[in-house]
Amino acid sequence: MDYQLLLLTIAVSFILAVIAAPLIIPLLRRMKFGQQVRDDGPQTHLKKAGTPTMGGIIIMVAFTLSFLKFSVVNSDFYVLLVATLGYGLIGFLDDYIKIAFKRSLGLTARQKLAGQLLIGVVLCVLLINAGHNTGISVPGTSISFDWGAWFYYPFIILMMMAVTNAVNFTDGVDGLLSGVSAIALAAFAVVAMQATSIAAGVCAAAMIGAVLGFLVFNAHPAKVFMGDFGSFGIGGAIGAIAIVTKTELLFVVIGGVFVVEMLSVILQVASFKTRGKRIFRMSPIHHHFELGGWSEWRVVVSFWAVSLVLAAVGLYISKGL
């Protein structure tokens, strides 16, 4: 795969995002698409109330235009596009309900899961029609197994649910998700080059440019938040790239920050329901550090650093370094 194509895609997507943001942010402000802040969250976040949200539209527009421009059109292309836009649509609906009804919660958990299940089924149909390999390999080993379609496709549906929710949980501090996702996507772009999947490589590059362009306006103090529209779309792209490059389990390493964020929520809820006690000051875990006295910038830089290390480990395991 020509790495120059990926660099060009990143550059174009970045420029599109930087151009789109100054046009979209004032529009979101005029439409009163302001962030609703949780009362039980860090008190420092209360001043963010009213900051324009649903900025994920900036990411999705830049991504879609650059992906359509530079990607080849094949079976991988459709899987990647449907995953990104499909899960992004769930996030869009969640954001819209929050804004329209002026509340911090949008779709119910059951409604989100139903939407994710539907998109997952559509992806499975696309994969089946493409004759997708149903084997799964353990990264860094020669171990692989294929339990057939009856195991693989339910696994894919659950995996996409896990990935999109894990990425969504990571959004909550200015610039956190933008940076962590760009790092993870850069690693998966290398993986895509190894797998010679042009569509996956271009998808990663288009999303890298989009989130970095968005980061210009999302870095602390954020002028705009991506909302679930952006986070679910990013999660859909990352999960789909792992699927089409046959590195499904590698996400656990490269996306380790996302995994820890999701586990912190699961453990917190399980502990509170069974013992009546919390493990963390607040979940997801980035809020735990905030309530412990860390500044937003310290949390973001620390999580970016951890993500860089995990991306390097993931590439080493996959023999990308």
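The numbers attached to residues start from 1 for each chain and follow its sequence in the written order. Given that this is a predicted model, residues contribute local features only at a pLDDT of at least 70 and side-chain atom pairs are listed and counted only at 80 or more, while totals for whole chains, interfaces and linings are drawn from all residues. Water and hydrogen atoms play no part in the side-chain values, which are based on all heavy atoms of the structure.

Asker: Any chance you could break down the packing of aromatic side chains for me, citing the residues and the numbers?
Answerer: Paired rings are identified among Phe, Tyr and Trp, the last through its six-membered ring, by centres lying within 6.5 Å, and are further divided according to the angle between planes into stacked (under 30 degrees), edge-to-face (over 60) and tilted (the rest). The full count for this structure, using the stated rule, is 13 aromatic pairs. Ring centres of F77 and Y78 lie 5.2 Å apart, and the angle between their planes is 85°; this geometry places the pair in the edge-to-face category. Through successive ring pairs, a cluster of aromatic residues spans F145, W147, F151, Y152, Y153 and F155. When the ring centre of W294 is taken as origin, the NZ or CZ atom of R298, which lies over that ring, is 4.0 Å away. Here, a charge over a ring is recorded when the distance from Lys NZ or Arg CZ to the ring centre is within 6 Å and its angle to the ring normal is within 35 degrees.

Asker: Now, about a nonpolar patch on the surface: what can you tell me, with residues and values included?
Answerer: Among the surface-exposed residues, F14, I15, I19, L23, L212 and V216 lie close enough to one another that they form a single nonpolar patch of about 530 Å² accessible area. Here a strand is any run of E in DSSP of at least two residues, a helix any run of H or I of at least four, and the numbering for each starts at the N terminus. Listing elements by their share of the nonpolar patch, those giving two or more residues are α1 (3-30) and α7 (198-218). In terms of residue count, α1 provides more of the nonpolar patch than any other element does, 4 residues in total. Inspection of the secondary structure assignment puts I19 in helix α1. You can call I19 exposed: its relative accessible area is 51%. Only residues whose relative accessible area exceeds 30% and that form no salt bridge are eligible for patches; like-charged ones are grouped when within 9 Å, while nonpolar side chains (Val, Leu, Ile, Met, Phe, Trp, Tyr) are grouped when within 5 Å. What sets the accessible areas is the Shrake-Rupley method with a 1.4 Å probe; for residues, cover comes only from the shown protein chains. Counted as salt bridges are all cases of a side-chain nitrogen of Lys or Arg within 4 Å of a carboxyl oxygen of Asp or Glu. Using a 1.4 Å probe on the protein chains alone, a residue whose accessible area is under 20% of its type maximum counts as buried, one over 50% counts as exposed, and one in between counts as partly exposed.

Asker: I'd love a proper account of the pattern of salt bridges, names of residues and values included.
Answerer: The final tally for this structure, using the stated rule, is 5 salt bridges. In this structure, D228 engages K112 in a salt bridge whose closest nitrogen and oxygen atoms are separated by 3.6 Å. Of the two residues, D228 sits in helix α8 (residues 227-244) while K112 sits in helix α4 (residues 109-129), which places them 116 residues apart along the sequence. Both residues of the pair, D228 and K112, count as buried. In the salt-bridge network here, residues are joined through shared partners; they are D94, K98, K112 and D228.

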